[in-house]
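Summary of structural features
Letter by letter, the chains look like this.
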Amino acid sequence: MTVLREKTLRSATALVEAGLAEDGRLAELQRVASRYAVAITPAIADLVNPADPHDPIARQFVPDPRELVHHDEENADPIGDHAFSPVEGVVHRYPDRVLLKLVNACAVYCRFCFRREMVGPGRGALSAKALAAALAYIRATPPIWEVILTGGDPLILSPRRLTAVLAELRAIDHVKILRVHTRMPVAAPERISPALLRALRVPGKASYVVLHVNHPRELSVKVRAACARLIDAGIPMLAQTVLLRGVNDDAATMSALLRALVECRIKPYYLHHGDLAPGTAHFRTSIAEGQALMRTLRGRVSGLCQPAYVLDIPGGFGKSPIGPNYLSDDGAVIEDFNGRRHHYPPQPPVRHPEVLGAKRRASKGDGP
Ligand SMILES: *Cc1c(COP(=O)(O)O)cnc(C)c1O
Ligand code: SF4
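Counting from 1, residues in each chain are numbered in the order their sequence is written. Here the convention is simple: chains get letters from A, ligands get numbers from 1, in the order in which they are written. Totals for whole chains, interfaces and linings use every residue, but because this is a predicted model, local features are given only for residues with pLDDT of at least 70 and side-chain atom pairs only at 80 or more, for both listing and counting. To get the side-chain values, take all heavy atoms of the structure and skip hydrogens and water.

On to the environment of Ala167. In this fold, Ala167 is placed in helix H6 (residues 159-170). Taking the relative accessible area as the measure of exposure, Ala167 reaches 45% and is therefore partly exposed. With 157 residues separating them in the primary sequence, Ala167 and Pro324 have C-alpha atoms 42 Å apart. Here a strand is any run of E in DSSP of at least two residues, a helix any run of H or I of at least four, and the numbering for each starts at the N terminus. In this scheme, a residue with accessible area under 20% of its type's maximum is buried, one over 50% is exposed, and one in between is partly exposed, where area comes from a 1.4 Å probe on protein chains only.

Once the domains are mapped, the protein chain shows domain 1 (4-58) and domain 2 (82-321). Throughout the structure description, domain borders are defined by an automatic or database domain assignment. Averaged C-alpha coordinates put domain 1 and domain 2 at centres separated by 24 Å. In this analysis, two residues are considered to be in contact whenever any of their non-hydrogen atoms come within 4.5 Å of each other. With 19 residues of domain 1 at the interface, the matching set in domain 2 holds 19 residues. Once two parts are put together, the accessible area they lose, assessed with a 1.4 Å probe and summed over both, is termed the buried area. Summing both partners gives a buried area of about 1,400 Å² for domain 1 against domain 2, and 56% of it is carried by carbon and sulfur. When residues of domain 1 are sorted by the area they lose upon contact with domain 2, Tyr36, Ala37 and Pro56 head the list and together hold 38% of the total. We count a salt bridge whenever a side-chain nitrogen from Lys or Arg sits within 4 Å of a carboxyl oxygen from Asp or Glu. Between the two partners, domain 1 and domain 2, sit 2 salt bridges. In this structure, Asp55 and Arg217 form a salt bridge, with 2.8 Å as the shortest nitrogen-oxygen distance. A 3.5 Å cut-off defines polar contacts: any pair of N or O atoms within that distance qualifies, except that in protein one atom must be a possible hydrogen donor and the other a possible acceptor, and neighbouring residues in sequence count only when both atoms are side-chain atoms. Our count for the contact surface shared by domain 1 and domain 2 stands at 7 residue pairs in polar contact (both at pLDDT 80 or more). Elements that contribute at least two residues to the side of domain 1 that touches domain 2 include exactly helix H3 (42-45) and helix H4 (56-61).

Below, the structure is given as structure tokens:
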């Protein structure tokens, strides 16, 4: 059956009417929808197979009563954005790059979203005043080399609004890299329009787009074409994926996703361990399961396909790689991708690279 879908589904009733949830679930879906935003675009609704009770697309977007079960270790601000926000809309955790959160709305709402307590439709864009203050902060902070537009989904803004913000960033000399984190090419591929491509190409700066994508079926023909438009316009693409139980936590699905991305010229960048966002326990795997998955991928799919498996440390301490370790603590034994162990010769004593840098500066006479 082909249903021509035109509108984004935004309520439990709309989901039931569209056949994405059974009638009997209406009340429980309404309870979840009144707590956490719901949106399923036509492009996403078309990917769902309603006959499959474990459909990996539905699982990501159709509300689930388990979202209302909150655990002690979960946190409304799981990666500590608030603690590192010098001005509204900016998160400055690492010296050389900031997040600029222009908008808190998205085209679709992922049930596992790490910013689920902050995103939603009525949560509009930064006010003109707040945006001016955020840009002033970036302008006044020369170590900021890269600005990461995130949210929410920054590509929900019109090309005109994006062009205005990017023109301000273009005028800041020390900002060299503009990175956009988005789910839009998957959620609404038709929005990757010529006007948007013109907005994203900023003369004198390097623009990158990082696509949030979790399952190979999300890369439909239209989505692949939308990504090709971006890349052909000179915008390199990377991908970030959240490790999700029941969606992509098996080697076959994950390798199919990573290979499909590389076939689309998109470099897998991060595989995120599930954040401790409220009501998302049913999506989280253990770190040991994630590491076992990464071990399976190593050597079996091309190095181009390998993302870094990372954990955003609760409290705002940043991302750390948590992939499997192949080298013994003393550096004397190294494991290969088949699990065989090999001896490695003794190493000279460790010298920290920063210490080396300080010595070099000092010997040039320009040290402190
Ligand atoms: C994730 C994140 C970044 C980007 O980190 P990369 O490792 O450069 O991708 C930057 N700032 C904040 C606050 C982040 O959470
Ligand atoms: S697109 Fe990103 S910010 Fe928006 S709901 Fe999904 S995970 Fe959250």
